[in-house]
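# Notes for the structure review
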Amino acid sequence: MKSLAPRLLAAVALLAIPATASAHRAWLLPSVTTVSGTNNWVTVDAAISNDLFDPDHFPMQTGGIKVTRPDGTPGEIQNAAQGRYRSTFDVQLDKEGTWKIGTSTSTVGGSFKLNGEDWTIGRRRGPPSGGPGGPGGPGGPGGQAGAGGAAGPGARGEGQTPPPAAANAAQAHVVATVADIPAGATDIKLSETISRNEFFVTAGVPNDTVLRPTGKGLEFDPQTHPDDLVADEPARFRFLVDGKPAAGLRVTLVPGGKRFRDSESALDLTTGADGMIEVKWPLPGIYWLNVTASDANGSVAKGAERRMSYTATLEVPAP
């Protein structure tokens, strides 16, 4: 017991690094990340909450969940259900190798002026009423956070129903897509948002098919396999933007279990010139990894700012 005390104190000291908590973060929590054989299942909790891995706000929608099997072919979720604070679903692991499960979204939003009035570009959520857009779009009343990220200023919260006048004004000044921007619009400002939120689970022997970069957007290129992590061994992760090493990115890792601590206890690391970080895990457990990047290389013809976000759930067992 005496030999363990210094290690435990050192780990607690490392976890005491101050960090500012981000409200309403999306997360996926698998019941397991490594299994033997091909006759197993993984059950997943999915939610958007204030404290990571503690459902306390609202459930993540499961319609956007994608499953990639170890050979790169698409899989499927089963037994999806939605509760008040979280959703759950199962995936049958019937093929040996490493599976990827999560969300991948790409949206374009922004604003413009028409006849001196401000308009918003965003996804329409519901039937139009009083104008070309409907309530609940990104940044509008009633909107929820997407599956891959945190809720924005227009996210639905308890007791936040806008007055009728504000709702009608928002409805009348929203178009659904960039293609709907009318002729004569001025001051067009576009923003492309690309978000990934995923985890990996290995059945039997791991492989790297689902880990191979596509060369598009912000990507996770782990040099240490995510299902080979151990608390007393450093892990090396690389991050790429459009297939090239991304230097100077801030990578945040937050351990679960905040309800049992006084602080967020996040680890903040910065990628080197090779896009690499080395993580020395302070304690075993479940970690939420997040990194963001932005540039002016949006895919929209009118030239959008591109905002990219990558999130992963990682399990780090004790040695």
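Residues numbered from 1 in each chain as written. Predicted model: local features only at pLDDT ≥ 70, side-chain atom pairs only at ≥ 80, totals over all residues. Heavy atoms only, no water.

Further remarks concern the overall build of the chain. The helix and strand tally for the chain stands at 2 helices and 19 strands. In the chain, buried positions account for 42% of the 319 residues. Intrachain contacts of the chain at a sequence separation of at least 6 include 68% that bridge at least 24 residues. (Helix = DSSP H or I, 4+ residues; strand = E, 2+ residues; numbered from the N terminus. Buried < 20%, exposed > 50% of the residue type's maximum accessible area, 1.4 Å probe, protein only. Contact = heavy atoms within 4.5 Å.)

This next bit is on the packing of aromatic side chains. All told, the structure shown has 8 aromatic pairs when counted by the stated rule. Through pairs of rings, three or more aromatic residues link up here, namely F200, F220, F237, F239, W281, Y287 and Y310. Positioned above the aromatic ring of W288 is the side chain of R25, whose terminal nitrogen or guanidinium carbon lies 5.3 Å from the ring centre. (Phe/Tyr/Trp six-rings, centres within 6.5 Å; stacked < 30°, edge-to-face > 60°. Lys NZ or Arg CZ within 6 Å of the ring centre and 35° of its normal.)

Okay, the nonpolar core next. If you look at the biggest cluster of nonpolar residues, it comprises 29 residues, and the most contacted ones within it are L218, F237, F239, L253, W281 and Y310. Going through the elements one at a time, strand 11 (186-203), strand 12 (218-222), strand 13 (235-241), strand 15 (250-255), strand 17 (276-279), strand 18 (285-295) and strand 19 (305-316) are the ones with two or more residues in this core. Leave out the neighbours within four places in its chain, and L253 touches S265, A266, L267, L269, V279, W281, Y287, W288, L289 and L314. Counting 19 residues, the second largest nonpolar core, distinct from the first, contains F58, F89, L93 and I101. (Core = buried A, V, L, I, M, F, W, Y, C linked by side-chain atoms within 4.5 Å.)

Structurally, N115 can be placed in the loop between strand 8 (97-114) and strand 9 (117-121). For N115, a relative accessible area of 75% translates into the label exposed. As for N115 and T186, which are separated by 71 residues in sequence, their C-alpha atoms are 8.7 Å apart.

Bringing the pairing of strand 3 (residues 40-49) into the picture now. Burial analysis of strand 3 places 7 of its 10 residues in the buried class, the great majority of the element. Summarising the sheet, strand 1 (residues 25-30) and strand 3 pair through 6 bridges and their orientation is antiparallel. Looking across to strand 3, one finds that A26 is bridged to I48. (Pairing = 2+ DSSP bridges.)

Further remarks concern the pattern of salt bridges. Going through the model one piece at a time under the given rule, you end up with 11 salt bridges. Notably, a salt bridge pairs D45 with R86, separated by 3.2 Å at the nearest N-O pair. Highlighted residues: D45 in strand 3 and R86 in the loop between strand 6 (78-82) and strand 7 (87-93), separated in sequence by 41 residues. Classification of R86 by relative accessible area gives partly exposed; the value is 39%. For R238, the salt bridge identified is with D221, shortest N-O distance 2.6 Å. Note that R238 is positioned in strand 13 and D221 in strand 12, a separation of 17 residues in sequence. (Salt bridge = Lys/Arg side-chain N within 4 Å of Asp/Glu carboxyl O.)

One non-glycine residue, F53, lies in the positive phi region at around 70°. Assessed through its relative accessible area of 10%, F53 is described here as buried.

One can find R69 in the loop between strand 5 (66-68) and strand 6. In this structure, R69 is in contact with P74, G75, D94, K95, T98, W99 and V210, ignoring residues within four places of it in sequence.

Turning our eyes to something else, we now look at the side chain of S309. Mapped onto the elements of the fold, S309 is located in strand 19. Taking the relative accessible area as the measure of exposure, S309 reaches 18% and is therefore buried.

Locating K258 in the fold gives a position in the loop between strand 15 and strand 16 (267-270). Owing to a relative accessible area of 23%, K258 belongs among the partly exposed residues under this scheme. As for K258 and L52, which are separated by 206 residues in sequence, their C-alpha atoms are 7.3 Å apart. Once residues within four sequence positions are removed from consideration, K258 is found in contact with D51, S263 and E264.

The side chains of a regular strand alternate between the sheet's two faces. In terms of burial, strand 19 is a largely internal element, 9 of the 12 residues being buried. Pairing between strand 11 and strand 19: 9 bridges, direction parallel. Within strand 19, the position partnered with N197 by the bridge is T311. Sheet topology places strand 18 next to strand 19; 11 bridges connect them, and they run antiparallel. Note on strand 19: the bridge partner recorded for V291 is Y310.

Right, let's get into the environment of F58. Mapped onto the elements, F58 comes out in strand 4 (residues 58-59). The spatial distance from the C-alpha of F58 to the C-alpha of A26 is 9.7 Å, given a sequence separation of 32 residues.

Another aspect to go through is the confidence of the model for the chain. When pLDDT is averaged along the chain, the result is 81; 76% of the residues meet or exceed 70. The low-confidence segment residues 1-22 (pLDDT under 50) makes 20 contacts with residues lying over four places distant or belonging to another chain. Across residues 124-170, confidence stays below pLDDT 50; counting only partners more than four residues off in sequence or on other chains, it has 76 contacts. (pLDDT = per-residue confidence, 0-100.)

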